[in-house]
Amino acid sequence: MKIGVIGLQGDIAEHISAVHKAMREENISGEVVWIRKAEQINGLDRIILPGGESTTIGKLIVKAGIDVALREVAQKGTPIMGTCAGLVLLANEGDDHVVKTGQVLLGLMDIKIKRNAFGRQPESFETDLDISELGSRPFRGVFIRAPAIEKAGKNVQILAKFEDKIVAARQKNLLVTSFHPELTDDTRFHSYFLRLH
Amino acid sequence: MKVFKGTVRVKRGFCQMTKGGVIMDVINGEQAGIAEDAGAVAVMALERVPADIRAAGGVARMADPIKVQEVMDAVTIPVMAKVRIGHFVEAQILEALGVDTLDESEVLTPADEEHHIDKWKFKVPFVCGARDLGEALRRIGEGASMIRTKGEAGTGNVVEAVRHMRLIIGTIRKLQNMLEEELMSTSKELGAPYELVVETAKLGRLPVVNFAAGGIATPADAAMMMQLGADGVFVGSGIFKSSNPSIRAEAIVDAVAHFDDPKVLAEVSKNLGEPMRGIDIRTLAKEELLQTRGR
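Criteria and thresholds
- Residues numbered from 1 in each chain as written.
- Chains lettered and ligands numbered in written order.
- Predicted model: local features only at pLDDT ≥ 70, side-chain atom pairs only at ≥ 80, totals over all residues.
- Heavy atoms only, no water.
- Helix = DSSP H or I, 4+ residues; strand = E, 2+ residues; numbered from the N terminus.
- Buried < 20%, exposed > 50% of the residue type's maximum accessible area, 1.4 Å probe, protein only.
- Contact = heavy atoms within 4.5 Å.
- Areas by Shrake-Rupley, 256 points an atom, 1.4 Å probe, with all protein chains shown as cover.
- Lys, Arg positive; Asp, Glu negative; His and termini not counted.
- Charge placed at Lys NZ, Arg CZ, Asp CG, Glu CD.
- Rg over C-alpha atoms; globule rule 2.2 N^0.38 Å.
- Phe/Tyr/Trp six-rings, centres within 6.5 Å; stacked < 30°, edge-to-face > 60°.
- Lys NZ or Arg CZ within 6 Å of the ring centre and 35° of its normal.
- Expected span 1.5 Å × (residues − 1).
- Arc of directions from axis to C-beta.
- Buried area = accessible area lost by both parts, 1.4 Å probe.
- Salt bridge = Lys/Arg side-chain N within 4 Å of Asp/Glu carboxyl O.
- Pairing = 2+ DSSP bridges.
- Right-handed = clockwise from strand over helix to strand, strands pointing away.
- Axes fitted to C-alpha atoms, helices over the stretch in contact; angles between N-to-C directions.

## What to know about the overall build of chain A
The secondary structure content of chain A amounts to six helices and 12 strands. Along the three orthogonal principal directions, the C-alpha set of chain A runs to about 40 × 40 × 35 Å. Here chain A holds 197 residues, and the buried ones make up 63% of them. Considering only residue pairs separated by 6 or more positions, chain A has 68% of its internal contacts joining residues 24 or more positions apart. A total accessible area of about 7400 Å² is found for chain A, and carbon and sulfur atoms account for 46% of it. On chain A, the mean spot of the 26 positive side-chain charges and the mean spot of the 25 negative ones are 4 Å from each other.

## Observations regarding the overall build of chain B
Counting its secondary structure elements, chain B contains 13 helices and nine strands. By the compact-globule yardstick of 19 Å for 295 residues, chain B fits well, its C-alpha radius of gyration being 18 Å. Its C-alpha atoms give chain B principal-axis dimensions of about 55 × 50 × 45 Å. By the burial criterion, 60% of the 295 residues in chain B qualify as buried. Partitioning the intrachain contacts of chain B with sequence separation of at least 6 by distance along the chain shows that 67% fall at a separation of at least 24. About 12000 Å² of surface is accessible on chain B, with carbon and sulfur atoms providing 51% of the total. Between the mean site of the 36 positive side-chain charges and the mean site of the 41 negative ones, chain B shows a separation of 3 Å.

## Remarks on the packing of aromatic side chains
To describe a pair of aromatic rings, you give the distance between the ring centres and the angle between the ring planes. Residue and element names in this part refer to chain A. Evaluation of the coordinates by the stated rule reveals 13 aromatic pairs over all chains. With centroids separated by 6.1 Å and ring planes inclined at 55°, the aromatic side chains of Phe118 and Phe162 adopt a geometry described as tilted. One end of the pair, Phe118, is in the loop between strand E6 (109–114) and strand E7 (125–129); the other, Phe162, is in strand E10 (residues 157–162), with 44 residues separating them in the sequence. The pair formed by Phe118 and Phe162 is uniform in burial state, with each residue classed as buried. Among the aromatic residues, ring-to-ring pairing joins Phe118, Phe125, Phe139, Phe143, Phe162, Phe179, Phe189 and Tyr192 into one connected group. Note that Arg46 overlies the ring of Phe193, its terminal NZ or CZ placed 6.0 Å from the centroid.

## Focus on the side chain of A:His180
For A:His180, the position within the fold is in the loop between strand E12 (174–177) and helix H6 (188–195). Those residues in contact with A:His180, other than ones at most four positions away along the chain, are A:Asp11, A:Gly51, A:Thr83, A:Cys84, A:Val142, A:Ile144 and B:Met17.

## Focus: helix H12 (residues 245–257) of chain B
For an α-helix the count is 3.6 residues per turn, leaving residues at separations of three or four pointing the same way. Residue and element names in this part refer to chain B. Across its 13 residues, H12 extends 18 Å between first and last C-alpha, which sits within 8% of the 18 Å expected from 1.5 Å per residue. Most of H12 sits inside the fold, with 10 of its 13 residues counted as buried. All buried positions along H12 are accounted for by Pro245, Arg248, Ala249, Ala251, Ile252, Val253, Asp254, Ala255, Val256 and Ala257.

## Re helix H8 (residues 180–190) of chain B
All names here are of chain B. Three or more residues of H8 are buried, namely Leu183, Thr186, Ser187 and Leu190. Along the axis of H8, the buried residues cluster in a sector spanning 105°; they form a single face. Opposite the packed face of H8, turned more than 90 degrees from it, sit the exposed residues Glu181, Lys188 and Glu189. Of the surrounding elements, those touching the buried residues of H8 are helix H6 (133–141), helix H7 (159–176) and helix H9 (194–203). One or two residues past the end of H8 sits Gly191, with phi positive at roughly 70°.

## Considerations on the interface of chain A and chain B
Taken together, the contact pairs 40 residues of chain A with 44 residues of chain B. Both sides together, the interface formed by chain A and chain B hides about 3400 Å², and carbon and sulfur atoms give 52% of it. Its largest share of buried area at the contact with chain B, chain A owes to A:Arg120, A:Gln121 and A:Glu126, together 18% of the area lost on that side. Our count for the chain A to chain B interface comes out at nine salt bridges. Of the charged contacts, one joins A:Glu126 and B:Arg9 as a salt bridge, the two residues approaching to 2.7 Å between their closest N and O atoms.

## Quick notes on the environment of B:Arg277
Looking at where B:Arg277 falls in the secondary structure, it is placed in the segment after helix H13 (262–268). Along the chain, B:Arg277 and B:Ser242 lie 35 residues apart, while their C-alpha atoms are 8.0 Å from each other.

## Let's talk about the pairing of strand E2 (residues 31–35) of chain A
Residues and elements named next belong to chain A. As paired elements, strand E1 (residues 2–6) and E2 share five bridges and run parallel to each other. Note that in E2 the partner of Ile6 across the bridge is Ile35. Taken together, E1, helix H1 (residues 12–26) and E2 form a β-α-β motif whose crossover is right-handed.

## Here we look at the pattern of salt bridges
Taken as a whole and assessed by the stated rule, the structure comprises 35 salt bridges over all chains. Between B:Glu250 and A:Lys63 there is a salt bridge whose closest N-O contact spans 2.8 Å. Placement of the pair is B:Glu250 in helix H12 and A:Lys63 in helix H2 (residues 54–63), with the two residues belonging to separate chains. When its relative accessible area of 42% is taken as the criterion, A:Lys63 is described as partly exposed. A salt bridge links B:Lys5 to A:Glu123; the nearest nitrogen and oxygen atoms lie 2.7 Å apart. With B:Lys5 in strand E1 (residues 3–5) and A:Glu123 in the loop between E6 and E7, this pair bridges two chains.

## Details of the sheet that holds strand E3 (residues 42–45) of chain B
All names here are of chain B. Taken together, eight strands build an open sheet; the order of strands is E8-E7-E6-E5-E4-E3-E2-E9 and the sheet is parallel. Two strands bound the open sheet, and with one partner strand each, they are strand E8 (209–211) and strand E9 (233–235). With strand direction ignored, the average angle separating the axes of adjacent strands in the sheet is 30°. In the packing of H6 onto the sheet, contacts are made with strand E6 (126–130) and strand E7 (146–149), and the angle to E6 comes to roughly 160°.

By themselves, these observations are geometric and do not establish any function.
Right, here's the structure in full:
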């Protein structure tokens, strides 16, 4: 299996090491590649859009032509996971922050997102989440200036909520989280993504 | 469900999200907007950029909170602000304002020549400057969630940032070749907490994000710092003291994202106009150096 992490800005190394760990645990062989160019996208079996600053990553992927390549492979069914900034980028609708900054959205997932839904950095937090798809043991969610999903279309499966806000969801081959599974040692989310079909 | 704010993971995690990015000094909402449009991952709100602080002399203090608020209201990206070394009340004030990260900075006039702020007491992450590994690990020991080189701020001259980054990363490389029992005497020589020396040797890098700062003025400067091992770049006076800030800011963002691709670097380095004039650091008197502030 060949997994690519879109690597123009953000916590790329953290995702790469989380994928390596999940692959070992799931007994999956393959490689994880750092993606900086559009021509690297074809041939990937799985793609991750990491956490970072969504306005920055949005501008950089457009300049590199990666937005076009991502839309193409997503429509062909390649699984894509987006965490935090990655969730914002996969959405098809944003809040006033998205409008004000001219934020690029890939528009692949039928969700409306709100940036910084829980406040600025002093309000960032971690907490245990119940995610039935991952089993009964709670999953530690690390929320950093995190976005949330305000509205989800009927094709969207809600995986987790926190205080009535949707914080993890799936739409066929697309998987998104408001929080950062890559900042924990718990690989269940990455394993779930590797098994996605 | 129980909620935990200001944990080590939440504070360091925020800084991890800025990796591969450029953090730009700005003095008002308009400049902050230019930085955001150029693709900055965060802005540092100041009353004056370091080059002007250097020129003005006198005591440089935390910015007026109204100026910091103006920047916070102008952009959606994170906003950082500087406090004087050791001035924990300036830090309390800016934390209360809701700033995303505090820089305990040698660019401002130190308020305490013996002690830095006890940064564990704060929910907001701190970034601190360092010239060598010992200084970096002392700051982490005090609770810093992010390190940057001190360089020599406000000079537009990258030479000191290069010196500091090479020294920090070179010393880590030496630690990795040491036997366990050699790490204790090394921690004494470095003046750094033993546990952090052991952790750094094991990781082969600092346990927190490590940015370059202090004198970066061009896309080439920024990309060089990334190739030397920086996780990202602060640009202070280099942008708004140049002839065309928005074009230069965007070029530096592109250079950091594509730091190891000389073809992209050649493209983004074209037609940027005049960089900031800059200062040969050898012409500065000892007491004019900012990097020797703090310990």
